[in-house]
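Geometric and topological summary
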Amino acid sequence: MRIAVVGTGVIGASWTTLFLRYGHEVVATDPAPGAEARLRAAVTADQTRLTFTADLAEAVADAGFVQENGPERPDLKDEVFAALDAAAPPGTVLASSSSGLLPSRIQRACAAHPERVLVGHPFNPPHLIPLVEVVPGERTGEAAVEAAMRFYRGLGRRPIRLRRELPGHVANRLQAALWREAYSLVDRGAASVADIDTAIAHGPGLRWALLGPFLNQHLSGGAGGIAHVLEHLGPPMEEWWADLGAPRLTPELTDKITQGVAEELAGTAEAGLVAERDALLALLLDAKNRTDHL
Ligand SMILES: NC(=O)c1ccc[n+]([C@@H]2O[C@H](COP(=O)([O-])OP(=O)(O)OC[C@H]3O[C@@H](n4cnc5c(N)ncnc54)[C@H](O)[C@@H]3O)[C@@H](O)[C@H]2O)c1
């Protein structure tokens, strides 16, 4: 398939790598000076099928799928989506990588064919992390949602379909919930930044990379499963919920967090940390792909 990648910064370059690795033809576009050279330096795939044009209309004219990755600014998204709506073939899905904008807001710029506009939100970097959140807006048609789900599955991704549009979609809201309590625990002086990182990375985080919160909870209930867990651990969990914090990002808390991260990293070469994290992530993804149930 011919895929148009619109905006070739961090996310656009990573999508381009993925699309090329799956044998697709990619036409990339970005108005910034030097964008083509930066894209070609960032893409870690065979570039024989990659072409670049600064002309957005030309890039999408024959595209079978459009993945938009321009700056996260509503005025710019309006401008880009109005141009995409006018130039792309009417049946072509226009998917925005937007982390924060609602699809109903984005599709307002598309007077001709709003029914093929949706959010296809990846996790950075999309060529490695399988999750894609497919979010339809008020005017998105069922055919476009199904086409996007098929498209991402065909790229080895694990798309989920949101039933309701919300700021931050689903996965970033879940991350925000954890960050909220982590920041609150530091604010309350309950544990150090380093110890909170240890609590996740050497504790529940190991299982969260394999199964989500509900299945992990179910499997901790033995034969009685989640029903049993909720029966005896539900009431204390509700008490903890009532005690969870709602921290404000005051200058004092911001300083505590920044200082805590610096202390945690003291003596660690950050480049080595990043290289080890990325290498282990690749091994984990490969190992998961070789299991029957994960
Ligand atoms: N960075 C992340 O972790 C992340 C994760 C998921 C989704 N996203 C979303 O992906 C999108 C891109 O984010 P990013 O981090 O790659 O940003 P970025 O700043 O790295 O890239 C944006 C690119 O858009 C280009 N651009 C500017 N005007 C344009 C136009 N009119 N038409 C086309 N391209 C234009 C810029 O030149 C730049 O190369 C945003 O909507 C963001 O919310 C980002």
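Calculation notes
- Residues numbered from 1 in each chain as written.
- Predicted model: local features only at pLDDT ≥ 70, side-chain atom pairs only at ≥ 80, totals over all residues.
- Heavy atoms only, no water.
- Near = heavy atom within 4 Å.
- Polar contact = N/O pair within 3.5 Å; in protein donor to acceptor, adjacent residues only side chain to side chain.
- Areas by Shrake-Rupley, 256 points an atom, 1.4 Å probe, with all protein chains shown as cover.
- Helix = DSSP H or I, 4+ residues; strand = E, 2+ residues; numbered from the N terminus.
- Nonpolar A, V, L, I, M, F, W, Y, C, P; charged D, E, K, R; others polar.
- Pairing = 2+ DSSP bridges.
- Axes fitted to C-alpha atoms, helices over the stretch in contact; angles between N-to-C directions.
- Expected span 1.5 Å × (residues − 1).
- Buried < 20%, exposed > 50% of the residue type's maximum accessible area, 1.4 Å probe, protein only.
- Arc of directions from axis to C-beta.
- UniProt positions renumbered as here; feature names shortened; annotations may be inferred.
- Domains from an automatic or database assignment.
- Contact = heavy atoms within 4.5 Å.
- Buried area = accessible area lost by both parts, 1.4 Å probe.
- Parallel < 35°, antiparallel > 145°, perpendicular 65-115°, else oblique.

Taken together, 21 residues sit near the ligand, with I11, D30, E72, K77 and S99 positioned nearest. Measuring from an oxygen atom of the ligand, one finds a side-chain N or O atom of S99 at 2.8 Å. Contact with the protein chains covers 74% of the free accessible surface of the ligand, which is 840 Å². Contributing elements (two or more residues each) for the shell around the ligand: α1 (10-21), α4 (74-87) and β6 (117-122). Across the shell around the ligand, the residue classes break down as eight nonpolar, 10 polar and three charged.

Spatially, eight strands are ordered β3-β2-β1-β4-β5-β6-β7-β8 in an open sheet, and the strand pairing comes out mixed. Of all the strands in the sheet, just β3 (50-52) and β8 (158-161) have a single pairing partner and so form its edges. On average, each strand axis in the sheet is tilted by 25° relative to the strand beside it, whichever way the strands run. The pairing of strand β4 (residues 65-68) with strand β5 (residues 93-96) spans four bridges and is classified as parallel.

Counted at 1.5 Å a residue, the expected span for helix α6 (residues 142-153) with its 12 residues is 16 Å, and the 17 Å between its end C-alpha atoms agrees. Restricting attention to buried positions, one finds in α6 the residues A144, V145, A148, M149, F151 and Y152. Along α6, the residues classed as buried sweep out an arc of 165° about the axis, all on the same side. The exposed residues of α6 that point more than 90 degrees off its buried face are A143 and R150.

Let's shift gears to the UniProt feature "domain: 3-hydroxyacyl-CoA dehydrogenase NAD binding" (unreviewed entry) in the protein chain. When the UniProt feature table is mapped to this numbering, "domain: 3-hydroxyacyl-CoA dehydrogenase NAD binding" (unreviewed entry) covers residues 3-162. Annotated as residues 3-162, this span is 35% helix and 22% strand, and its ends, taken at the C-alpha atoms, are 23 Å apart.

The UniProt feature table records "domain: 3-hydroxyacyl-CoA dehydrogenase C-terminal" (unreviewed entry) at residues 168-236. Along residues 168-236, the helical share is 72% and the strand share 0%, with 29 Å between the first and last C-alpha atoms.

Glancing now at the domain arrangement of the protein chain. Think of interface size as the accessible area that goes away when the parts come together; that is how it is often given. When the domains of the protein chain are assigned, the result is domain 1 (2-161) and domain 2 (171-210 + 248-289). Centre-to-centre, using C-alpha coordinates, domain 1 lies 30 Å away from domain 2. Listed per partner, the contact involves eight residues of domain 1 and five residues of domain 2. Contact with domain 2 buries surface across domain 1, with F123, L128 and E133 losing the most and accounting together for 65% of the total.

Direction vectors running N to C along helix α8 (residues 193-201) and helix α12 (residues 251-265) enclose 70°, while the axes themselves pass 8 Å from each other. In this view, α8 runs roughly perpendicular relative to α12, as classed from their interaxial angle. In contact with V193, A194 and D197 of α8, α12 contributes K256, I257, G260, V261 and E264. Across the contact of α8 with α12, the residue classes break down as four nonpolar, one polar and three charged.

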